[in-house]
Amino acid sequence: MEACLYEEVGFCLSWYVCMSEPSIIDFWSLRVSASDSQVACTDGQGISLTYTELNDRVAAISSKLMGRGRKQLGFVFSTNSLEWLCVYLACLRAGHVPL
């Protein structure tokens, strides 16, 4: 991915960062550091999380997932909710494939 694409989404990066394809988690980390106290998401009931709050939840869940290893298979069934978003991002961060 080229630096100009990062700039379109509001990030100014050095050229060497763009030498490999960034992941969703790379974009996530950049967004958290740039917007830590801004609201990241709001559910249908009006409950909001800032980027820092969401990132803290994602970090806690992903660390538990990484502790279990990749040999275990798990399923999460949920409606669209803040909890689902946390688990989805945690799976990505832990290197699991969310389906």
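The model shown is predicted, which means the values in this text are computed figures rather than measured ones. (Residues numbered from 1 in each chain as written. Predicted model: local features only at pLDDT ≥ 70, side-chain atom pairs only at ≥ 80, totals over all residues. Heavy atoms only, no water.)

Participant: Looking at this structure, I do not really get the pairing of strand β1 (residues 39-42). What am I missing?
Facilitator: Successive side chains on a regular strand alternate, one facing one side of the sheet and the next facing the other. With three bridges joining them, β1 and strand β2 (residues 48-50) adopt antiparallel strand pairing. When the bridges of β2 are listed, Val39 appears paired with Thr50. In this structure, the hairpin formed by β1 and β2 is closed by a connection of five residues, where Gly46 is found at a positive phi of approximately 85 degrees. (Pairing = 2+ DSSP bridges. Helix = DSSP H or I, 4+ residues; strand = E, 2+ residues; numbered from the N terminus.)

Participant: Which parts of the structure should I look at to understand the confidence of the model for the protein?
Facilitator: Residue-level pLDDT values for the protein average 77, and 75% of them are 70 or greater. Here helix α1 (residues 3-8) stands out as the least confident element of the protein, with mean pLDDT 46; β2 is the most confident, with 94. Across residues 1-17 the pLDDT falls below 50, and counting only partners more than four positions away or on other chains, this stretch makes 21 contacts in the model. (pLDDT = per-residue confidence, 0-100. Contact = heavy atoms within 4.5 Å.)

Participant: Even after reading the chapter, I still don't get the nonpolar core, so can you show me in this structure?
Facilitator: Most often, soluble globular proteins have nonpolar side chains that are buried together. The biggest cluster of nonpolar side chains holds 11 residues, and these are Trp28, Val32, Cys41, Leu49, Tyr51, Leu54, Val58, Leu82, Cys86, Leu89 and Ala90. Mapped by element, the contributors of at least two residues to this core are α2 (24-34), α3 (51-68) and α4 (82-94). Not counting the four nearest positions on each side in its chain, Trp28 is found in contact with Tyr51, Leu54, Asn55, Leu89 and Arg93. (Core = buried A, V, L, I, M, F, W, Y, C linked by side-chain atoms within 4.5 Å. Buried < 20%, exposed > 50% of the residue type's maximum accessible area, 1.4 Å probe, protein only.)

Participant: Would you mind showing me how to read the packing of aromatic side chains here?
Facilitator: By convention here, two paired aromatic rings are described through the distance between centres and the angle between planes. Taken as a whole and judged by the stated rule, the model has two aromatic pairs. Both rings, one in Trp28 and one in Tyr51, keep their centres 5.8 Å apart while their planes meet at 45 degrees; by these two values the pair is tilted. Of this pair, Trp28 sits in helix α2 while Tyr51 sits in helix α3, and the two are 23 residues apart along the sequence. Pair check on accessibility: Trp28 and Tyr51 agree, each one buried. Here Trp84 and Tyr88 contribute two aromatic rings whose centre-to-centre distance is 5.1 Å and whose plane-to-plane angle is 20 degrees, an arrangement assigned as stacked. Taken together, the residues span about one helical turn, with Trp84 and Tyr88 both in helix α4 at a distance of four residues. (Phe/Tyr/Trp six-rings, centres within 6.5 Å; stacked < 30°, edge-to-face > 60°.)

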